[in-house]
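# Architecture and fold: a report
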Amino acid sequence: MECRPLAFLIGLPFALVSLVLSLLGAVIWIIGSILSCLCPCCICCVAIADLAIALIKLPVTIIRWFVNLIPC
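Attention in this report is confined to the structure presented alongside it. These numbers come from a predicted model, not from an experiment.

Thresholds, definitions, all that
- Residues numbered from 1 in each chain as written.
- Predicted model: local features only at pLDDT ≥ 70, side-chain atom pairs only at ≥ 80, totals over all residues.
- Heavy atoms only, no water.
- Helix = DSSP H or I, 4+ residues; strand = E, 2+ residues; numbered from the N terminus.
- Buried < 20%, exposed > 50% of the residue type's maximum accessible area, 1.4 Å probe, protein only.
- Polar contact = N/O pair within 3.5 Å; in protein donor to acceptor, adjacent residues only side chain to side chain.
- Patch = residues over 30% accessible without salt bridge, like charges linked within 9 Å, V, L, I, M, F, W, Y side chains within 5 Å.
- Areas by Shrake-Rupley, 256 points an atom, 1.4 Å probe, with all protein chains shown as cover.
- Salt bridge = Lys/Arg side-chain N within 4 Å of Asp/Glu carboxyl O.

### Describing the environment of Thr61
By the secondary structure assignment, Thr61 is in helix 2 (residues 44–69). On the accessibility criterion, Thr61 (48% relative accessible area) is partly exposed. Spatially, the C-alpha atom of Thr61 lies 9.1 Å from that of Ser18, the residues being 43 residues apart in sequence. One polar contact links the side chain of Thr61 to the main-chain carbonyl oxygen of Lys57, over a distance of 3.2 Å.

### Details of the environment of Leu24
By secondary structure assignment, the location of Leu24 is in helix 1 (residues 7–38). Residue class for Leu24 comes out partly exposed when judged on its relative accessible area of 42%. Separated by 32 residues in sequence, Leu24 and Ile56 place their C-alpha atoms 8.0 Å apart.

### Some points on a nonpolar patch on the surface
A cluster of nonpolar residues, Val27, Trp29, Ile30, Ile31, Ile34, Leu35, Leu38, Ile53 and Ile56, forms a patch on the protein surface that exposes about 820 Å² of accessible area. Mapped onto the nonpolar patch, the elements with two or more residues apiece are helix 1 and helix 2. Top element by residues in the nonpolar patch is helix 1. It accounts for 7 residues. By the element assignment, Leu35 lies in helix 1.

It is worth stressing that arrangement in space is one thing and function is another; only the former is reported here.
Right under this line is the structure:
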């Protein structure tokens, strides 16, 4: 592990915000899945699912980005 001892504490607010966005992404993904089952010809459901997956992956992306910004 590199010398970034306070990275977790400093990045905690970003993690909390991204966790909320991740939960929002999970809800959007469930709604998009239900819509795609009801109307499989609807192409917008694919875009909704892609957006939801991006929101679900956001916490890890934000924490990695923030930790890489902290100099040693």
